[in-house]
Amino acid sequence: MNGWADPAPRAVDGRAPDVFSTAGTVPMRQFSDRDAVDFAIVGTGCGGGVLAAKLAEAGFSVVAFDAGPFWRPLADFASDEREQDKLYWLDPRISAGDDPVEFGQNNSGRAVGGSTVHFQMVALRFRPEWFASRSRLGYGVDWPVDWRTMWRYYDEVERACAISGPVNYPWGPKRHYPYRAHEVNAAGQVLARGAEALGVPWAPTPLATVSAPRGKSPPCVYRGMCKIGCSTNAKQSVLITFIPRALDAGAEIRDLAMVGRIETEDGRATGVEYHRDGQWRFQRARNVVCAGYSIETPRLLLNSASGAHPHGLANSSGNVGRYLMVHLNDAVWGVMEDEIRWYKVPPSMACCEHWNYIDDKDFDGGYSFMSQGPLPTDFARMLVTNEGVFGDELHRQMALYNRMAGLKMVGETMPQADNRVTLADEHDDLGLPRAHVTYSCCDNDRRMRRHARDFMARMLAAAGGSELLETGSTAHLMGGCRMGNDPETSVTDSDGRTWDIPNLWVCDGSLMPTAGGVNPSMTIMANAARIADRITALAGRGEAERAHG
Ligand SMILES: Cc1cc2nc3c(=O)[nH]c(=O)nc-3n(C[C@H](O)[C@H](O)[C@H](O)COP(=O)(O)OP(=O)(O)OC[C@H]3O[C@@H](n4cnc5c(N)ncnc54)[C@H](O)[C@@H]3O)c2cc1C
Ligand code: SF4
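Residues numbered from 1 in each chain as written. Chains lettered and ligands numbered in written order. Predicted model: local features only at pLDDT ≥ 70, side-chain atom pairs only at ≥ 80, totals over all residues. Heavy atoms only, no water.

Within an unreviewed UniProt entry, the label attached to the chain reads GMC family oxidoreductase, and the organism entered is Paracoccus stylophorae.

Below is the structure:
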């Protein structure tokens, strides 16, 4: 059972939902399955959504598929945590290893717009040295891309998502956020007080929700429902930024269309087999792009095995599914003297990247941490499932909810070959093998976790927190189809083109060779914007397939 009560597909008959209305539609170009479109893109989140918009704007014919629904936030999103479970990828995955990853709402979404529909909008950039962490810092692996190139694309996607951030961000090279920073709430002020007490910098968190009106988006009204889908459209998700651009430029978005296999012939991809409205169909394509994120992209490539590709597509090196990474997401919580009411406003209003920019530590890599604002059910669930708190003690702790504050890390785990996605023997409702995910932390990960917990506890205590409680968790997914310069150790080249099949590409978080100590969405979007320009340039030189031009 998937447990999903989906609406019927809404992007049909040449119309797609108007995401700025409660029931309206906008025109949408529609392609026939028999038309070999220039690009069939699987997934419409940070990678696929950005790519679909930019390729359509460059004149390519594009059909982008998403397994999830095409929501209209104004009508479909309720201020109700349970109702909004519909935004998450809840189909079971088998989780194994010494530190099995908890799946569900904390790491992947399923909707047109991908995980950004329910992400927490923290919009940070990598530290420049992380793009060459092996040669500059002595750990991990270098990206096949120079940080200066990425910096230009961060600018582009931050403008597209109207990021609200401070004028002077204290870490890394200068950046200019298009919208002013939001006011820092009481939970963020706890972080600020603690940082000042310990003598480290802090900043209002750059966020993908607008601090002033933007087009049809009103400014954020600070109700704090961001993680369950913003019902006002203040949040600048891919659903309301790049997807409308893609539609305007002539892309077709196929919602509730689960791609099960990529077909190949004579060493080239020929199209995708997808399930929509109760039937399996086949869309012909000149190029296929996997943008389903770090579990579903490897799963799809592995499930597309054939006589010519017995171990899955793009997998001659055996790297598909490997080097999967998560972020350590441990937290320290404390009770404050005064009311905090941390659920008001977006969850992470203040951040600290101090340890991302200090290299003299007893572990490699970096971590940032942020103030927190979990919604009540989420917080209670975490106490029950992670900490085993029940009965009277749960009641007592939840009674303190309005006086609590917390700091939570986003910590860089190391890329390890054995942390990987494979196919399980078990099948889902469509008959597709489920993903089997193996994950174990290494010693470096454990040292980082200890360091972060100790530092955050000192900071929270310095800010006046008492009854400190530590919790362990992971968030985000990265890697699984990493890009690189060497076909022996990576799945794609620096353009996201698979080494084995010239018209098969990857464009999502699975490309990331290292995880960095910040939330990943801006890096994935910047990389997708870059790949779109590279594909356009390659096609212009006759080095990538297109129907015309
Ligand atoms: C609760 C939560 C909070 C987060 N908060 C932040 C944050 O504050 N800041 C930040 O930077 N990052 C955050 N993230 C992470 C960020 O959202 C993801 O890293 C990012 O969206 C990944 O981009 P992607 O393109 O790789 O995949 P996604 O955005 O997840 O898009 C993948 C899409 O592909 C579709 N798909 C998958 N397989 C198939 C298939 N076979 N056929 C058709 N469609 C398919 C899925 O339905 C999905 O919509 C958060 C994530 C979660 C879950
Ligand atoms: S706090 Fe702002 S971004 Fe979050 S749900 Fe409310 S209006 Fe949307």
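Past the structure itself, the notes keep going.
The next point concerns the UniProt feature "domain: Glucose-methanol-choline oxidoreductase N-terminal" (unreviewed entry) in the chain. The residues that UniProt annotates with the feature "domain: Glucose-methanol-choline oxidoreductase N-terminal" (unreviewed entry) are residues 108–328. Structurally, residues 108–328 is divided into 23% helix and 17% strand, and its ends, taken at the C-alpha atoms, are 16 Å apart. (UniProt positions renumbered as here; feature names shortened; annotations may be inferred. Helix = DSSP H or I, 4+ residues; strand = E, 2+ residues; numbered from the N terminus.)

What the three strands build is an open sheet, ordered E5-E17-E16; its pairing is mixed. Two strands close off the open sheet at either side, each with one partner strand: strand E5 (94–96) and strand E16 (420–427). Each strand axis lies, on average, 30° off the axis of its neighbour in the sheet, ignoring direction. Pairing geometry for E5 and strand E17 (residues 433–438), over three bridges, is parallel. Bridge pairing links Ile94 to His436 in E17. Running at roughly 65° to E16, helix H7 (residues 293–303) makes contact with E16 and E17 of the sheet. (Pairing = 2+ DSSP bridges. Axes fitted to C-alpha atoms, helices over the stretch in contact; angles between N-to-C directions. Contact = heavy atoms within 4.5 Å.)

Glancing now at the environment of Asn329. Of note, Asn329 is situated in the loop between strand E11 (325–328) and strand E12 (331–335). Along the chain, Asn329 and Pro219 lie 110 residues apart, while their C-alpha atoms are 29 Å from each other.

Moving on, we get to the site of ligand 1. Taken together, 39 residues are adjacent to ligand 1, and Gly47, Asp66, Ser115, Tyr293 and Ser521 come closest. In the model, an oxygen atom of ligand 1 is placed 2.7 Å from a nitrogen or oxygen of the Asp66 side chain. Take Ser521: an N or O atom from its side chain is 2.5 Å from an oxygen atom of ligand 1. A total of 1000 Å² of accessible area belongs to ligand 1 in isolation, and the protein chains cover 98% of it. (Near = heavy atom within 4 Å. Polar contact = N/O pair within 3.5 Å; in protein donor to acceptor, adjacent residues only side chain to side chain. Areas by Shrake-Rupley, 256 points an atom, 1.4 Å probe, with all protein chains shown as cover.)

To continue, consider the packing of helix H5 (residues 186–198) against helix H10 (residues 443–462). If you want to describe how two helices pack, look at the angle between their axes and the distance between the axes. Packing of H5 against H10 leaves a shortest axis separation of 8 Å and a crossing angle of 100°. What the angle tells us is that H5 and H10 run roughly perpendicular. Of H10, the residues touching H5 (which contributes Val190, Leu191, Gly194, Ala195, Ala197 and Leu198) are Phe455, Arg458, Met459, Leu460 and Ala462. Classifying every residue of the contact of H5 with H10 gives nine nonpolar, one polar and one charged. (Parallel < 35°, antiparallel > 145°, perpendicular 65-115°, else oblique. Nonpolar A, V, L, I, M, F, W, Y, C, P; charged D, E, K, R; others polar.)

Unlike most non-glycine residues, Asp13 shows phi in positive territory, near 55°. When you line up the elements, Asp13 lands in the segment before strand E1 (15–17). Positive phi, close to 50°, is recorded for Glu467, a residue that is not glycine. Of note, Glu467 is situated in strand E18 (residues 466–471). Of the residues examined, Glu467 reaches a relative accessible area of 46% and is grouped as partly exposed. (Buried < 20%, exposed > 50% of the residue type's maximum accessible area, 1.4 Å probe, protein only.)

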